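The lines below spell out each chain.
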Amino acid sequence: MGNESSKLKGIIIDKNAVEVNDFWALYNAESPTTCNEEGGGGQLLSIFTGEVLVKGQLWVAQGPMERAIKNLMIYRHPYILKYMFTWEQSGQKHLATERVRPLNDVLAQQSDIQVCLGLRTILCSLIFLIEKAMARHLNICTQSVYVTDKGSWRLAGFEYVWKAKELNKQLLELSHSFRQPLAIDTANMEHALEQFSFATLCEQILDKCKDSNNTAGTPHVLEFREYCRTHLKHQNTEMRPKLSAVLLHPYFNHEFVLIHSFLFELPLKSVQERQQFFSSLIERLRCFDEQVVASQLASDLLSRMVLLDPTAQHCVTPFVLRTKTENGATALFSPQTYVEYLLPHVLKMFRLRDAQIRLILLDYFMEYVRLLSDEQLLSEILPHLQLGMNDTNDVLVAKTLRSLADLVPILGAATVLGGERRRCFADGRPHAAVSTDSTAQWTEPRSITPLMNGSAVDAVDYMVSGSPLPVESNVAPMPLRLSPDGGEDDKSITNLNEKPLEMSQSGGADSNSDSADSSTSSAAHEQTLVNDEDEAWSDWENTDELQRLHVKQETLDELNLSNVETQSSTSTQATQPSIADSFRTACSTASTSTTKAIPPPSNRKLIDDLSALDIQVQLTTPSNTTESAEFDFFKDMEPVIETKPPASESEVVQVDASRFAAASSNPNGHDTDTEADQGWGHDEDDEDDVVWGNNAESTIVS
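Residues numbered from 1 in each chain as written. Predicted model: local features only at pLDDT ≥ 70, side-chain atom pairs only at ≥ 80, totals over all residues. Heavy atoms only, no water.

Draft legend 1. The sheet that holds strand β7 (residues 100-102), seen in detail. As summarised here, the arrangement of the three strands in space is β7-β9-β10, forming an open sheet in which the pairing is antiparallel. In the strand order of this sheet, the two ends are held by β7 and β10 (153-155), each with one partner. Strand-to-strand, the axes of this sheet are offset by a mean angle of 40°, without reference to chain direction. (Pairing = 2+ DSSP bridges. Helix = DSSP H or I, 4+ residues; strand = E, 2+ residues; numbered from the N terminus. Axes fitted to C-alpha atoms, helices over the stretch in contact; angles between N-to-C directions.)

If you want it as structure tokens, here you go:
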């Protein structure tokens, strides 16, 4: 460990020193290895570089750098500066430790609770070193304390550490010139010199914090200052308490300090103690500011021991990994605090290849993924999710796929899944009927059938699809289907949906004297509308056929009831279309539709082939193609108007002039306009003289 071969390859050391003293210089460094506990990425290190040989009687046997390296390798404690590795190069010793900064550089930014926790940390490290490891530290001062990137304090200055049996009065005199003057006891006694040095350290730090007004909220701070002056600096060294007794002072035992210490000592606690602690932890933490809790306890609350504890998974983790919302404040941290303190730890934990840790993080994936930028998602989240898809754990793969689905709306399917993409599905909704209000919340399933007897605006808002509607600014509402040709002129010809309404209205007119009958008619009308909703409009093509048959039936009924001859002048016949032509057109349409008669429902076959129900995406037909680009579903609704072929020269139409003369005069001298309005203008006896139909090439009136 002490030769150059222990140096890690590829280590990068900054050129500018962070701190320089008589023995060594401190530099920041980074190692490219991925063996740190956070998983992945380079390790952040601090490098102490010093000469091997130093002048002075104290360092004749062993130089300060060599002594510090040896003691850090021997005395290991969580609150002592962590030794990493060492090497010798160009006549200098190099010591690599965890990344730290001198306390004097960051003391002004330390909060009151950080100072309290830091002093307790130093006290615990001294208790271990003196009372358990039986060693002595001769230079306890601010120059021997460092602070990690997480804010924890670390005890250093181990070039001044000797074994307890090696300490004597001569050694104290030799070290007098190298030690901090304020940390030297005036009695210069071997006994309880660490108590005096620790009391001096506490007074210096609390004085600096008092000037910065950082200790206003710390309980028992004034009592502790008095305790240091009267007890730890007592002139009688025998009256000075042991360092383990100082730890019992109320300044080091208020609520927040106890929580911090329990989390740090969690591996030493029993199962029952853990259950009792985690069941009430959240309520205890709510009494403190979330900034203080996050800055001091974020790493502990997201540690492996806490995340894998069964009790903590139910009582602690949901409140830590979630953020506060406007509707409720059950979580501990707001989004701003979460991003600043917890999110860096979450990203580090996400790099760990531990299945149980990954499953817990995936359970709360949407809580923190919305707080990350697209660059962070692409570089620090997506690669690790793609790695999880290749695992053999089915549960891990399933949760990973769900998390990838949550990333698709944020990063896009092409980024998340990769590869070439093409459109495989078509939007089968009628575009003209799609509502432009994309923010409307549907509270019930939508039907493709328009409202009965409703306006065109009402019919727009009823569609089958529940998918989000596209935002189109120039979409015109779909009008209701028009009546068959000719139906708009005759109010008696109605569609199938209006017939129940007319029957209900006529029934209500007959029973105006009774209000109960009227309400019954309204209820019957509503029930009829519901039935027609399911039956009459279930199929558009069938509806078209029924409407044409209905038009034919109504027209034939009118012709049978009209048996009175009417008189028409020759000028009217020349300027207006012939009534016979209109009738032939109606008969032609009816005869054409008869060929498409609907088979009885009992003879229909069920459609087993799903391809028959599929929406076919048809390509655009070139302009020179004779076939239509797409099938026109409304083509069969167009009226068939057949024009009379022009009469050839050989054909001669003979007209009996006596008939018109008889129709123009009345032997009784009465007006015949009333009779003319009620018939077709010919006698029943002459009905056979007129030939109707599509096959007749000419009309001969004899």
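Draft legend 2. Quick look at the pairing of strand β3 (residues 24-31). Counting buried positions over the eight residues of β3 gives six, a clear majority of the element. Pairing of strand β1 (residues 12-13) with β3, which is carried by two bridges, proceeds in the antiparallel orientation. Residue I13 lies in a different strand from β3, and its bridge partner there is A29. Connecting strand β2 (residues 19-20) to the next strand, β3, in antiparallel fashion are three residues. Pairing of β3 with strand β4 (residues 43-51) involves eight bridges; the strand directions are antiparallel. Pairing of E30 across the sheet is with L44, part of β4. (Buried < 20%, exposed > 50% of the residue type's maximum accessible area, 1.4 Å probe, protein only.)

Draft legend 3. Layout of unusual backbone geometry. In the Ramachandran plot, S90 falls in the positive-phi region, its phi being about 55° despite a non-glycine side chain. Along the chain, the position of S90 falls in the loop between β5 (83-89) and β6 (92-98). S90 sits in the exposed class, given a relative accessible area of 73%.

Draft legend 4. Quick peek at the packing of helix α15 (residues 335-350) against helix α16 (residues 355-363). Where α15 meets α16, the closest approach of the two axes is 10 Å, and the angle between their N-to-C directions is 135°. With respect to α16, the element α15 is oriented oblique. Viewed along their axes, α15 and α16 form a crossing whose handedness is left-handed. On α16, the residues touching V346, M349 and F350 of α15 are I357, R358, L361 and L362. By residue class, the composition of the contact of α15 with α16 is six nonpolar, no polar and one charged. (Parallel < 35°, antiparallel > 145°, perpendicular 65-115°, else oblique. Left-handed = near helix turned anticlockwise from the far one by under 90°. Contact = heavy atoms within 4.5 Å. Nonpolar A, V, L, I, M, F, W, Y, C, P; charged D, E, K, R; others polar.)

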